[in-house]
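Architecture at a glance
Here are the chains, one letter per residue:
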Amino acid sequence: MSTKKSLLHKTVIACAHPSLALTKYWGKASSKNNIPATSSLAITLSGLTSTTRISTVKKNSVVIVNGELQPPERYSQFFQHAGALCDENLAFKVESENDFPTGAGIASSSSGFAALACGIAKLADPDYPLGEISALARIGSGSAARSVFGGFTLLRAGSHAAEMLHDASFWPEFRIIVCIVKDAKKEYSSRLGMSLSKKTSPYFKSWVLDAEKTFKEACSALENKDIEKLGDLARISAYRMFGTMISSAPPLVYWEPQTIGLLKFIERLRINGIGAWETMDAGPQVKLICLKDDVHRIETALEEHFPDIQALACQPGEGASVSW
Ligand code: 2P0
């Protein structure tokens, strides 16, 4: 029996978790294949999951996310690479569910494409190397290259694949509290936003230069499990990324009024001696960096001051996985 025949009408279920950047990827060295212009250090978050069922079919790939048919052009380049990996002219039927808001700045494309890449690669070859799965995931979405791995990851500027620095057990007390301000889809996708920033922000070149320094310092703070230093650097990276976004034309303002309220609230927590640092992505949600021992106090304060905000405490999670 040929390999070609054996891969048709196979099904696999893949899971992955979103990758939250502590220092940010914002801008591409090459837009063609999502090669990042900045190095990012990230954590794969437990508790938030994309679950993706992939079946191989003869033709006409389709992707359905949370019951919604996705535009084929968003996936065509990815499927070209994935199809080549399967060594035959296969198409894919993909049904994916996220148990958290989609396209709203919680890195659903990172977990979605990591699950998809892992599922297809493992269908083609159960021993397919993780580094190559990461490179495939990157074709779909830059941050997805990181989500393939668990724990603490990095994706270097100019590189094709992410790496795992430490697995989830390296710092089990590390926490990210995701505060959901608004779960609607954002107006500008990260892809569009990055391209706009590169083309129009007068600060883009400085952002790229500075990001490398912040990234290196953050890696060193992580090695030392220095939460104060790492929290400060994550905060700086997010604000500098936003400087680049806001200075684009048209300006990219992903924030909502409550975003600012939360940022000020976290600043006050810190002034009051609680170890809490803010970070954000391309959306209005605020992510709070802290350690396990402070989670209860922070959640209680959040409930008191922001009763309408849903807060999800996440810890370092596992990389992408498949089941048959
Ligand atoms: C990050 N973000 O490092 C940054 C911070 C958002 C802000 O990676 O165009 O969906 O698919 O490569 O990965 C979100 O952008 O963008 C992202 P593409 P992606 O997590």
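Whatever comes next refers back to the structure up there.
Residues numbered from 1 in each chain as written. Predicted model: local features only at pLDDT ≥ 70, side-chain atom pairs only at ≥ 80, totals over all residues. Heavy atoms only, no water.

**As for the state of the cysteines**
Overall, the coordinates contain 0 disulfides when judged by the stated rule. C118 takes part in no disulfide bond, and the closest cysteine sulfur to it belongs to C15, at a distance of 9.6 Å. (Disulfide = S-S within 2.5 Å.)

**Considerations on the sheet that holds strand β15 (residues 310-314)**
Within a sheet, neighbouring strands are paired by backbone hydrogen bonds and run either parallel or antiparallel to one another. Strand order in this open sheet of 4 strands is β13-β14-β12-β15, and the pairing throughout is antiparallel. Of all the strands in the sheet, just β13 (277-280) and β15 have a single pairing partner and so form its edges. The average undirected angle you get between the axes of adjacent strands in this sheet is 25°. Where strand β12 (residues 174-180) and strand β14 (residues 286-291) come together, 6 bridges link them in antiparallel fashion. Note that in β14 the partner of F174 across the bridge is L291. Running over the sheet, helix α8 (residues 227-246) touches β12, β13 and β14 and is turned about 35° from β13. Sheet strands touched by helix α9 (residues 257-271): β12, β13 and β14. Its angle to β13, the strand with the most contacts, is close to 155°. (Pairing = 2+ DSSP bridges. Helix = DSSP H or I, 4+ residues; strand = E, 2+ residues; numbered from the N terminus. Axes fitted to C-alpha atoms, helices over the stretch in contact; angles between N-to-C directions. Contact = heavy atoms within 4.5 Å.)

**Observations concerning the sheet that holds strand β16 (residues 321-323)**
Read from one edge to the other, the open sheet built from 6 strands follows the order β8-β7-β9-β6-β1-β16, with strand pairing classed as mixed. Strands at the two margins of the open sheet, each flanked by one partner only, are β8 (68-69) and β16. With 2 bridges joining them, strand β7 (residues 62-65) and β8 adopt antiparallel strand pairing. Bridge pairing in β8 links V65 to E68. Docked against the sheet, helix α3 (residues 108-124) engages β1 (11-16), β6 (50-57), β9 (91-98) and β16, running at close to 40° with respect to β6.

**Observations regarding the nonpolar core**
By size, the foremost hydrophobic cluster in this structure holds 36 residues, and its most contacted members are F78, F79, F92, L116 and I120. Breaking this core down by element, the ones donating at least two residues are β1, β7, α2 (76-85), β9, α3, α4 (130-140) and α5 (144-147). For this core, the element with the highest residue contribution is α3, accounting for 9 residues. Sequence-distant contacts of F78, defined by excluding residues within four places in its chain, comprise F113, L116, A117, I120, L136, A137, I139 and G140. I177, M194, I274 and F306 belong to the second-largest nonpolar core, a separate cluster that totals 35 residues. (Core = buried A, V, L, I, M, F, W, Y, C linked by side-chain atoms within 4.5 Å. Buried < 20%, exposed > 50% of the residue type's maximum accessible area, 1.4 Å probe, protein only.)

This is a description of form; function is not addressed.
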